[in-house]
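Analysis of the macromolecular model
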Amino acid sequence: MLPLHITNETSRLRAVVLGTAVSNGPTPTAEEAYDPKSLEHILAGTYPVEADMVREMDAFHDVFKKYDVQVFRPEIIENYNQIFSRDIGFVIEDTFIKANILPDRERELEAIQYVIDQINPAKVQRPPEEVHIEGGDVMPWNDYVFIGTYKGSDYKDYITARTNMEGVAYIKSLFPNKIVKEFDLVKSKLEARDNALHLDCCFQPVGKDKGIIYKSGFREEADYVFLLNLFGKENLFHITRDEMYHMNSNVFSIAEDVVVSERNFTRLNTWLRSKGFTVEEIPYAEIAKQEGLLRCSTLPLIRD
């Protein structure tokens, strides 16, 4: 049995599901794009090729090996995008929650069924149908669970709106002992620089008390101010619109003092090092073209 344990984003990682770029399939058509950034690269002819993405994910895998983390990979589905394992499920405390994702991504869950089979069945939850929730929007943070959502009345018109208020209510019902705090995110179908696809596209904690934040990713200033007050302004690294677009807040913590980051995030990586973090820099710029990065490619199962 896998003894699931996740209470925050940064404690020492012991086991994780890392997605795969093998047999990623042909470049999607414009009509098939799930997000504005992928669409931008499809139209420009710069959509990433499989060999480059496999190389990037291998580099990520090597860092996990270096830190002696147990890594599970999805079973390969031919010609299918299985990079972003964060979307398909997540762990809070000792419970695995299957995400209600876009229906045509259901097969991605089946590809990690062999992992789910190692979990106590009483600790595997599947939300009811009206609940939309994806792992990129869910961040356990000790006493809190932060959840990105979209409160606009036009929710159903946005393929980029991935977690609804029913999803927030569902997590509250499962974890009555947690302070569940939702954040209303800015969404755009057309402009990737103004689309916070998930909460981890505009915010992520690092270390014990620090975080990376993009102020304009929040529709309500009060939500931004909440994080400012909780973490303290001096502990937050504010990223620009362009840095948000390149996914600077989507790094991944292996421990409270070890962060895996993209090697081009010069300003962020310098800041992290100045705060005492070990920064493991890897190439991930090709995968970033699909509006996802390091956190999106991982599904942590066990942290100390």
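Attention here is on the structure that accompanies the text. (Residues numbered from 1 in each chain as written. Predicted model: local features only at pLDDT ≥ 70, side-chain atom pairs only at ≥ 80, totals over all residues. Heavy atoms only, no water.)

Focus: the packing of aromatic side chains
The description of an aromatic ring pair uses the distance of the two centres, along with the angle that the planes make with each other. Test applied: In this scheme Phe, Tyr and Trp rings, the latter by its six-membered ring, pair at centre separations within 6.5 Å, and the angle between planes marks the pair as stacked below 30 degrees, edge-to-face above 60, and tilted otherwise. Only runs of H or I of at least four residues qualify as helices and only runs of E of at least two qualify as strands under DSSP, and these elements are numbered from the N terminus. Only protein chains enter the area calculation, which uses a 1.4 Å probe; residues under 20% of their type maximum are buried, those over 50% are exposed, and those in between are partly exposed. Charge over a ring is defined by NZ of Lys or CZ of Arg lying within 6 Å of the ring centre and within 35 degrees of the ring normal.
Tallied over the full model, the rule gives 14 aromatic pairs. Centre to centre, the rings of Tyr144 and Phe226 are 6.0 Å apart; their planes meet at 75 degrees, and the pair counts as edge-to-face. Placement of the pair is Tyr144 in strand E7 (residues 144-149) and Phe226 in helix H6 (residues 221-231), with a sequence separation of 82 residues. The class of Phe226 is partly exposed, set by a relative accessible area of 23%. A connected cluster of aromatic rings, assembled from ring pairs, spans Trp141, Tyr144, Phe146, Phe183, Phe203, Phe218, Phe226 and Phe231. Seen from the ring of Tyr245, Lys37 lies directly overhead, with NZ or CZ sitting 4.4 Å from the centre.

Description of unusual backbone geometry
For Glu93, which is not a glycine, the phi torsion comes out positive at approximately 55 degrees. Within the element layout of this structure, Glu93 appears in the loop between strand E3 (89-92) and strand E4 (95-98). Overall, the relative accessible area of 23% leaves Glu93 in the partly exposed class.

Focus on empty space enclosed by the protein
The criterion, for reference: Lining residues are those with an atom within 4 Å of a point, where the points come from a 1 Å grid over the protein atoms alone and group into cavities, where a 1.4 Å probe fits but cannot get out, or pockets, open sets with protein on both sides within 12 Å along at least five of seven lines. Grid points are joined across faces, edges and corners, and a volume is the space filled by probe spheres set on the points. Side-chain classes follow a simple rule in which Ala, Val, Leu, Ile, Met, Phe, Trp, Tyr, Cys and Pro form the nonpolar group, Asp, Glu, Lys and Arg form the charged group, and the remainder, Gly included, forms the polar group.
Applying the stated criterion across every chain yields a total of one cavity of 30 Å³ or more. Computed from the structure, the largest cavity encloses a volume of approximately 90 Å³. Taken together, Ile6, Asn8, Glu9, Arg86, Phe90, Val91, Ile92, Val138, Pro140, Arg295, Pro300 and Arg303 make up the full set of residues lining the largest cavity. Secondary structure elements with two or more residues in the lining of the largest cavity: E3, strand E6 (138-141) and strand E15 (298-303). Per-element tally for the lining of the largest cavity: the top contributor is E3, with three residues. Here the residues of the lining of the largest cavity sort into seven nonpolar, one polar and four charged.

What about helix H1 (residues 36-44)?
Residues spaced three or four apart along an α-helix face the same direction, because each turn holds 3.6 residues. Definition in use: Between two residues, a contact is recorded if the distance between any of their heavy atoms is within 4.5 Å.
Taken residue by residue, H1 has Pro36, Lys37, Ser38, His41 and Ile42 as its buried positions. In the core, the buried residues of H1 are packed alongside helix H7 (241-245). Looking one or two residues past H1, Gly45 carries a phi angle of roughly 75 degrees, positive in sign.

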